[in-house]
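# Geometric and topological summary
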Amino acid sequence: MGKPGVWLATAVAAVILTGGAGLAQLPEAPLPHPPLDEWVTEYRRLGLPVPPPDAELVRIELAWAVGPLPEHRKTPPYLLGFRLPPARPGDPPRFLIGEDQERPIDPLWAEPVEPNVDALREVVEMRDTDYLCLAAQCKLRGLDDFARQLYARAQAEHQDPWDEAYSSIVKIMWYGQLTNRNVDRKAIIRRLKEIITEQRERAGLSDYDNSPFYHPFDHLRSLEQTVAPRKAKPGSVEALIDELTDHWHEYLDPENEEGHQAYWKLAELGFDAVPALIDHLRDDRLTRAVSEPRLMAIPYHLKVGDLAGRLLWDLSARTTGGGYWTDQRDRLNPDKARAWFAAAQKIGEEKWLVDHAVPTDGGGAIVNQWGRPERLIVRVIGAKYPARLPAIYRAVLKQPVSYSNRDYIQEIQASKLTREQKIALFEEGAGHTDLDHRLLALEGLAGVDPESFRKHLLLTLKQVRAKSETGERWWPNPFRLVPLVERAGDPGCWDALAAVARSVPHGERLDLILSVGYARSDRPDPIRRERLRFLVPFLEDSSAERNEDEKCDRVAVRDYTASQLAGLLGLRVNRNESLGVRHDPDRGPVYRFVLRQVVRRAAEQELARPKK
């Protein structure tokens, strides 16, 4: 590239000549792109991701995301990227789309594609920066013609000044690394400082705070604080707060608390942790998590102070001040937190917690808030005052089910109650006349006594069937019932579930078949044989009734089952990220007949093989 970044220096000079130091004062006309070779050199120098030589170019269908195809479209839209090898043996493959290599994608949505102009047809939801990155990646892989086509597409769709696109790519790339728990933060700091220093020098600025390119890297100081040496005594409250810098979320598995260990250890300390948490409300060290987007709130990187605020906000039963909304980056006022704590200490920790453990408003969702406080309060009770839990559990069993507290099943499981006490409580819930309470209790039993869990689950399935056959509606959500059967790992429970499916109305039968048929292809599926064994008999069910869902209206059960089996067996089908296979009711009778025969034969052949 001659001297590295000459084209970028020209862009920076243009900013300065317009009389401003910020990107907002750039000229209206977009600046020209550098030649492709220069962009590729710069791409490498910036440390942006390069696919390995054996990585496949793939297209990832988006039919699962955008719904049924419009009439004018003959093929589904898709993304373009590279299939990467797993990060660790046994993990699913990853996909590099633009600069992003952490996006969760089911491999069945991806298929190899030839690098030619046909691959660029029907591509949607690809940003111009995605095209720029993919062009550099393809050029580095020796796909020169396709790289030029991609670069031309990027130039055609690119409306912003080039240096903004450049900054956006670098920002997105390195911001993405902040939540990667396998990346050394010191390496991120080194890379950001190199880029900022270089940009500052090109702009002729002595302080990078005034650099027009500094704003993408506003987490740098927080990162430096995060990696600074720690002085807390091991096992202390301060040490646990230090560990919040490695707090992370498993967004595909919200119930997974593996990355929340320090958070819950602090929670279980109750009032003992409060003084230190108040002192850290302004702690700007970064965690490895972002906020959960709710009500159109923009996600942001969570800092230690955010988590300290959440703990205090919940522990105080939301009485430390009004208007606090974690998804809008609100921080608690330390003075108000200290005032609450002084008042709560006069009441006493145990009484404060017990008085606020059971919702008085029905337990529904709280507008503009992150979860509810009672679950954390019950978690503290379970750690410090477990003898209080039975009365609390029985109190919530007298109320309608609230999925904001889920009957405190996880909190009871994590408590210091004995195993026998937990079993007794969950068996009490498993005999409840309210099926929702019963299913939550079954989840609890599954975690402490598998034998009792299977016994009560089988009894529940038989009761559901008996009530259905008499016309009484006592019907659980199949997407809650089926996971319990999966967890039981018992053929008798699967047979009982099949009997339930045969006894319930048409629409509910389809829901059960859909729930059983869904399994991600990038994860182990230990109950795959049971899924197939459950589904195959429904290929004989020709019943077809009216249904409020037009996609299922008068759809024969056997055809709906064939669609789900096709997905399980790896055939090309229309998929939905969260609900598995979409049935296409517009296929003709010949297609439906052939599909039933194909999936039946494939499923029966697989079932005939010896178990591994």
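Residues numbered from 1 in each chain as written. Predicted model: local features only at pLDDT ≥ 70, side-chain atom pairs only at ≥ 80, totals over all residues. Heavy atoms only, no water.

### Comments concerning helix H4 (residues 128–140)
To keep things clear, this is the line we draw: A helix here means a DSSP run of H or I that spans at least four residues, while a strand means a run of E at least two residues long, and both kinds are numbered starting from the N terminus. Helix span is expected to be 1.5 Å times the residue number reduced by one. Using a 1.4 Å probe on the protein chains alone, a residue whose accessible area is under 20% of its type maximum counts as buried, one over 50% counts as exposed, and one in between counts as partly exposed.
Between its first and last C-alpha atoms H4 spans 19 Å; for 13 residues at 1.5 Å apiece the expected length is 18 Å, and the two agree. With respect to burial, H4 is a largely interior element, eleven of its 13 residues being buried. Inspection of H4 places Asp-128, Thr-129, Asp-130, Tyr-131, Leu-132, Cys-133, Leu-134, Ala-135, Ala-136, Gln-137 and Cys-138 among the buried residues, and these make up the whole buried set. After H4 finishes, the residue Gly-142 shows a positive phi value of roughly 85 degrees.

### Quick word on the packing of helix H20 (residues 450–469) against helix H22 (residues 491–503)
Quick note on the threshold: All axes are obtained by fitting lines to C-alpha atoms, using only the stretch in contact for helices, and the reported angles, taken between N-to-C directions, cover 0 to 180 degrees. Here is the rule for angles: anything less than 35 degrees is roughly parallel, anything more than 145 is roughly antiparallel, 65 through 115 is roughly perpendicular, and the remaining ranges are oblique. Two helices cross in a left-handed way if the nearer one is turned anticlockwise from the farther one by less than a right angle. They cross in a right-handed way if the turn is clockwise. We call two residues contacting when some pair of their heavy atoms lies within 4.5 Å. Each residue gets one of three labels, nonpolar for Ala, Val, Leu, Ile, Met, Phe, Trp, Tyr, Cys and Pro, charged for Asp, Glu, Lys and Arg, and polar for the others, Gly among them.
Relative to each other, H20 and H22 sit at 15 degrees, their axes nearing to 9 Å. As summarised for this structure, H20 and H22 are arranged roughly parallel, according to the angle between their axes. As H20 runs across H22, the sense of the crossing is left-handed. On the side of H20, the interface is formed by Arg-454, Leu-457, Leu-458, Leu-461, Val-464, Arg-465, Ser-468 and Glu-469, while H22 contributes Gly-492, Cys-493, Ala-496, Leu-497, Ala-499, Val-500 and Ser-503. Among the residues making up the contact of H20 with H22, the classes are represented as nine nonpolar, three polar and three charged.

### As for the sheet that holds strand E3 (residues 94–96)
Put simply, the rule reads: In this description, strands pair whenever DSSP reports at least two bridges between them.
In space, the four strands of this open sheet follow the order E3-E2-E1-E4, with antiparallel pairing throughout. Of all the strands in the sheet, the pair left with one neighbour each is E3 and strand E4 (110–112). On average, each strand axis in the sheet is inclined to that of its neighbour by 45 degrees, with strand direction left out of account. Sheet topology places strand E1 (residues 56–61) next to strand E2 (residues 78–84); six bridges connect them, and they run antiparallel. For Val-58, the partnering residue across the bridge sits in E2 and is Gly-81. In this fold H4 packs onto E1, E2 and E3, with an angle of close to 45 degrees to the strand it touches most, E2.

### Section: the nonpolar core
Here is the rule we go by: Among buried residues, those of type Ala, Val, Leu, Ile, Met, Phe, Trp, Tyr and Cys that are joined through side-chain atoms within 4.5 Å constitute a nonpolar core.
Tyr-393, Leu-457, Leu-461, Leu-497 and Phe-534 are the most contacted members of the largest nonpolar core, which totals 104 residues. The greatest single-element share of this core, amounting to eight residues, is contributed by helix H19 (residues 435–448). Not counting residues within four places of it along the chain, the set of residues in contact with Phe-534 comprises Trp-494, Leu-497, Ala-498, Ala-501, Ile-513 and Val-516. Within the second largest apolar cluster, 50 residues are counted, among which are Leu-46, Val-58, Ile-97 and Ala-135.

### Concerning empty space enclosed by the protein
The cut-off we apply is this: Only protein atoms enter the 1 Å grid, on which a cavity is a set of points fitting a 1.4 Å probe that cannot get out and a pocket is an open set with protein on both sides within 12 Å along at least 5 of 7 lines, lining residues being those with an atom within 4 Å of a point. Grid points are joined across faces, edges and corners, and a volume is the space filled by probe spheres set on the points.
Under the definition given, this model contains three cavities of 30 Å³ or more. When its volume is computed, the second largest cavity comes out at roughly 40 Å³. Those elements giving two or more residues to the lining of the second largest cavity turn out to be helix H10 (261–268), helix H12 (304–315) and helix H15 (374–384). In terms of residue class, the lining of the second largest cavity is built from seven nonpolar, one polar and no charged.

### Quick notes on the packing of aromatic side chains
Two measures describe an aromatic ring pair: the distance that separates the ring centres and the angle between the ring planes. Condition: Centres within 6.5 Å make a pair out of two Phe, Tyr or Trp rings, where for Trp the six-membered ring is used; the pair is then stacked when the planes are under 30 degrees apart, edge-to-face when over 60, and tilted otherwise. A positively charged side chain is recorded as over a ring if its NZ (Lys) or CZ (Arg) lies within 6 Å of the ring centre. The angle to the ring normal must also be within 35 degrees.
Throughout the structure, instances matching the rule amount to nine aromatic pairs. Judged by centre distance (5.7 Å) and plane angle (40 degrees), the ring pair of Trp-340 and Phe-341 falls under tilted. With respect to burial, Trp-340 and Phe-341 carry one shared label: buried. Taking 6.0 Å as the distance between ring centres and 65 degrees as the angle between the ring planes, the aromatic pair formed by Trp-340 and Trp-352 counts as edge-to-face. Note that Trp-340 is positioned in helix H13 (residues 334–347) and Trp-352 in helix H14 (residues 349–355), a separation of twelve residues in sequence. Judged by its relative accessible area of 6%, Trp-340 is buried. Linked through ring pairs, Phe-271, Trp-340, Phe-341 and Trp-352 together constitute an aromatic cluster. One cation-aromatic arrangement involves Arg-379 over Trp-264; the distance from NZ or CZ to the ring centre is 4.4 Å.

### Observations regarding the pattern of salt bridges
What counts, and what does not: Counted as salt bridges are all cases of a side-chain nitrogen of Lys or Arg within 4 Å of a carboxyl oxygen of Asp or Glu.
With the rule as written, the count across this model stands at 38 salt bridges. Asp-559 is the partner of Arg-592 in a salt bridge, and the nearest nitrogen-oxygen pair spans 3.2 Å. In this pair, Arg-592 is assigned in helix H26 (residues 589–608) and Asp-559 in helix H25 (residues 557–568), connecting sequence segments 33 residues apart. Counted as one network, the salt bridges with shared partners bring together Asp-37, Lys-139 and Asp-144.

### Let's talk about a nonpolar patch on the surface
This is how the line gets drawn: To count toward a patch, a residue needs a relative accessible area over 30% and no salt bridge; like charges are then connected within 9 Å, while nonpolar side chains (Val, Leu, Ile, Met, Phe, Trp, Tyr) are connected within 5 Å. We get accessible surface area from the Shrake-Rupley algorithm with a probe of 1.4 Å; when it comes to residues, only the shown protein chains can shield them.
Among the surface-exposed residues, Leu-571, Val-590, Phe-593, Val-594 and Val-598 lie close enough to one another that they form a single nonpolar patch of about 430 Å² accessible area. Residue placement: Leu-571 occurs in the loop between H25 and strand E7 (575–576). Residue classification places Leu-571 among the partly exposed residues on the basis of a relative accessible area of 34%.

### A short note on the confidence of the model for the chain
Our working definition: The predictor's confidence in any single residue is recorded as pLDDT, a number from 0 to 100.
Mean pLDDT over the chain stands at 81; residues scoring 70 or higher make up 78%. By mean pLDDT, the top-scoring element of the chain is H14 (98), and the lowest-scoring one is helix H1 (residues 6–17) (33). Under a pLDDT of 50 for its full length, residues 64–73 has, in the predicted model, 15 contacts with residues more than four places off or in other chains. A low-confidence stretch, residues 211–216 stays under pLDDT 50, and its non-local contacts, those more than four residues away or across chains, total 21 contacts.

### Considering H12
A rise of 1.5 Å per residue sets the reference length of H12, with its twelve residues, at 16 Å; its end C-alpha atoms lie 17 Å apart and thus fit the reference within 8%. The buried count for H12 comes to twelve of twelve residues, which makes it a mostly enclosed element. Inspection of H12 places Val-304, Gly-305, Asp-306, Leu-307, Ala-308, Gly-309, Arg-310, Leu-311, Leu-312, Trp-313, Asp-314 and Leu-315 among the buried residues, and these make up the whole buried set. Directly after H12, the chain includes Ala-317, whose backbone phi takes a positive value near 55 degrees.

### Here we look at the environment of Pro-400
Within the fold, Pro-400 resides in the loop between helix H16 (389–397) and helix H17 (409–413). A relative accessible area of 65% means that Pro-400 is categorised as exposed. Sequence spacing of Pro-400 and Asp-434 is 34 residues, and the spatial spacing of their C-alpha atoms is 8.5 Å.

### Overview of unusual backbone geometry
Positive phi outside glycine occurs at Ala-317, with the angle close to 55 degrees. For Asp-407, which is not a glycine, the phi torsion comes out positive at approximately 60 degrees. Examined against the element boundaries, Asp-407 turns out to sit in the loop between H16 and H17. Owing to a relative accessible area of 1%, Asp-407 belongs among the buried residues under this scheme.

### Some points on the environment of Glu-38
When you line up the elements, Glu-38 lands in helix H2 (residues 36–45). Taking the relative accessible area as the measure of exposure, Glu-38 reaches 23% and is therefore partly exposed. Each C-alpha atom, one on Glu-38 and one on Ala-136, is 9.8 Å from the other, the two residues being 98 residues apart in sequence.

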